[in-house]
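Listed here are the chains, written in short residue letters.
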Amino acid sequence: MLFSSRYLRCAGYEIHATEWGTPDAPAVIAWHGLARTGRDMDELARHLAPRYRVICPDTIGRGLSQWARAPQDEYRLSFYARIAADLFDQLGIRQAHWIGTSMGGAIGTVCASGLFEPQLKGRITRLLLNDNAPRLADAALARIKAYAGQPPAFDTVLELEAFFRQVYQPYGWLSDAQWRLLTESSTRRLPDGRVTPHYDPAMVQQFTHHANDYLIWEHYDALDIPVLCLRGADSDLVLPETTAEMLTRGPGARGLVRVVEVPGCGHAPALNVPAHFALVDGFLSGA
């Protein structure tokens, strides 16, 4: 099944999203991770499209979306939530399930809580956190900040693909075609002709100016919807003690949270193989 490209005006910026499925089907928002693009969700969206309307945005500063004019203020969860609120309205989405990888999970959490954008409260009906939690490991955050703020440049696309295969090895198994798509959908050329990952390096200011932006227990505790946390079994970002705490507070204390460890993955499962699809399908269907 093919997708369509949408360009929407959200929070004063042009935001790109791919849309799969039919407009009258139940909506699913599938939001990518920190230094990635919405095209990471292609395999999952293709799987879901016969039953759902799937929207896969590029976050501001990533992929084909505009870059922030005020990176210090706009590369942060509260502004991402504002973009999401406008995206819901621009696309006429009353309610949706939310699937978020890493940063995309954090955006889903703060949107579902309604603390930043009250108009979103009640509009996210199920929240799937793909290797994301209300508290992230400090050592892993330091690692991410180090590489994300200084993206490498290469003479050829094949060299960039080799880099991606190394950096994103924790995603688990990807076919050669999927590695090629991951590379081609997240590559841009610099003025000197070299290629580099397709994001604004200034997005790392989320960490330098908002050190605790991903410490979001307050938002998590406000949730009253079903939550599924998929933790990569080898993840260094989401620690077992954090997922254990998730089961004891907020929606976890109300019996609304399930944690599943995904074997063969670290940060974060690629959501691209039948075993991953089965976890997603069961959760979205309420099984």
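Thresholds applied
- Residues numbered from 1 in each chain as written.
- Predicted model: local features only at pLDDT ≥ 70, side-chain atom pairs only at ≥ 80, totals over all residues.
- Heavy atoms only, no water.
- pLDDT = per-residue confidence, 0-100.
- Helix = DSSP H or I, 4+ residues; strand = E, 2+ residues; numbered from the N terminus.
- Salt bridge = Lys/Arg side-chain N within 4 Å of Asp/Glu carboxyl O.
- Axes fitted to C-alpha atoms, helices over the stretch in contact; angles between N-to-C directions.
- Parallel < 35°, antiparallel > 145°, perpendicular 65-115°, else oblique.
- Left-handed = near helix turned anticlockwise from the far one by under 90°.
- Contact = heavy atoms within 4.5 Å.
- Nonpolar A, V, L, I, M, F, W, Y, C, P; charged D, E, K, R; others polar.
- Buried < 20%, exposed > 50% of the residue type's maximum accessible area, 1.4 Å probe, protein only.
- Core = buried A, V, L, I, M, F, W, Y, C linked by side-chain atoms within 4.5 Å.
- Lys, Arg positive; Asp, Glu negative; His and termini not counted.
- Polar contact = N/O pair within 3.5 Å; in protein donor to acceptor, adjacent residues only side chain to side chain.
- Pairing = 2+ DSSP bridges.
- Right-handed = clockwise from strand over helix to strand, strands pointing away.
- Arc of directions from axis to C-beta.
- Phe/Tyr/Trp six-rings, centres within 6.5 Å; stacked < 30°, edge-to-face > 60°.
- Lys NZ or Arg CZ within 6 Å of the ring centre and 35° of its normal.

Draft legend 1. Region of the structure containing the confidence of the model for the chain. Model confidence for the chain is summarised by a mean pLDDT of 97, while 100% of its residues fall at 70 or above. Of all the helices and strands in the chain, helix H5 (residues 138–148) carries the lowest mean pLDDT, 84, while strand E3 (residues 27–31) carries the highest, 99.

Draft legend 2. Up close: the pattern of salt bridges. Under the defined criterion, the tally for this structure stands at 17 salt bridges. Asp281 is the salt-bridge partner of Arg51, the closest N and O atoms lying 3.4 Å from each other. Of this pair, Arg51 sits in the loop between helix H1 (42–48) and strand E4 (53–57) while Asp281 sits in helix H11 (residues 274–285), and the two are 230 residues apart along the sequence. Taken together, the shared-partner salt bridges connect Arg135, Asp221, Glu245 and Arg249 into one network.

Draft legend 3. Region of interest: the packing of helix H6 (residues 157–167) against helix H7 (residues 176–184). In contact at an axis separation of 9 Å, H6 and H7 are set at 110° when each is read in the N-to-C sense. When the axes of H6 and H7 are compared, the pair comes out roughly perpendicular. The two elements H6 and H7 cross, and the hand of that crossing is right-handed. Of H7, the residues touching H6 (which contributes Val157, Leu158, Leu160, Glu161, Phe164 and Arg165) are Asp176, Trp179, Arg180, Leu182 and Thr183. Classifying every residue of the contact of H6 with H7 gives six nonpolar, one polar and four charged.

Draft legend 4. Representation of the environment of Phe283 within the structure. Mapped onto the elements of the fold, Phe283 is located in helix H11. Owing to a relative accessible area of 9%, Phe283 belongs among the buried residues under this scheme. For Phe283 and Val227, which are 56 residues apart along the polypeptide, the C-alpha to C-alpha distance reads 8.6 Å. With residues near it in sequence (within four places) discarded, Phe283 still touches Arg126, Leu127, Leu128, Pro226, Val227 and Leu228.

Draft legend 5. Structural context of the nonpolar core. Grouped together as the largest cluster of nonpolar side chains are 72 residues, with contacts concentrated most on Ile29, Ile60 and Trp98. With nine residues, helix H3 (residues 77–90) is the largest single contributor of residues to this core. Look past the residues within four positions of Ile29 in its chain and what remains in contact with it is Ile55, Pro57, Leu87, Phe88, Ile93, Ala96, His97, Trp98 and Ile99. Formed by 23 residues, the second largest nonpolar core is a distinct cluster that contains Ala30, Leu128, Cys265 and Phe283.

Draft legend 6. Quick peek at the side chain of Arg62. As for its placement among the helices and strands, Arg62 is situated in the loop between E4 and helix H2 (71–74). Buried Arg62, no salt bridge; nearest opposite-charge side chain is Asp200, N-O distance 7.6 Å. A polar contact is formed between the side chain of Arg62 and the backbone oxygen of Leu34, at a distance of 2.9 Å. A distance of 3.1 Å separates a polar atom in the side chain of Arg62 from a polar atom in the side chain of Tyr80.

Draft legend 7. Region of interest: the pairing of strand E10 (residues 257–262). Alignment of strand E9 (residues 227–232) against E10, held across six bridges, turns out to be parallel. Bridge pairing in E10 places Gly232 opposite Val262. The parallel pair E9 and E10 is bridged by helix H10 (residues 240–246), and the resulting crossover is right-handed.

Draft legend 8. Focus on the packing of H3 against helix H4 (residues 103–113). Contact geometry of H3 with H4 gives a least axis separation of 9 Å together with a crossing angle of 75°. In terms of their interaxial angle, H3 and H4 are classed as roughly perpendicular. Contacts from Leu77, Tyr80, Ala81 and Ala84 in H3 reach Met103, Ala106, Ile107, Val110 and Cys111 in H4.

Draft legend 9. Just H7, in detail. All buried positions along H7 are accounted for by Gln178, Trp179, Leu182 and Thr183. Down the axis of H7, the sector holding all buried residues measures 140°, keeping them to one side. Exposed side chains of H7 directed beyond 90 degrees from the buried face belong to Asp176, Ala177 and Glu184. Along its buried surface, H7 packs onto H1, H6 and strand E7 (187–189).

Draft legend 10. Region of interest: the packing of aromatic side chains. Going through the model one piece at a time under the given rule, you end up with nine aromatic pairs. Taking 5.3 Å as the distance between ring centres and 5° as the angle between the ring planes, the aromatic pair formed by Trp31 and Trp98 counts as stacked. Of this pair, Trp31 sits in strand E3 while Trp98 sits in strand E5 (residues 96–101), and the two are 67 residues apart along the sequence. Ring geometry for Phe207 against Tyr214: centres 5.8 Å apart, planes inclined by 20°, an arrangement best described as stacked. As far as the burial class goes, Phe207 and Tyr214 line up, both buried. Grouped by ring-pair contacts, the aromatic residues Phe154, Phe163, Phe164, Tyr168 and Tyr171 constitute a single cluster. The side chain of Arg69 reaches across the aromatic face of Tyr13, ending 4.0 Å from its centre. For the cation-ring pair, Arg126 lies above Phe283, with the distance from its terminal atom to the ring centre recorded as 5.2 Å.

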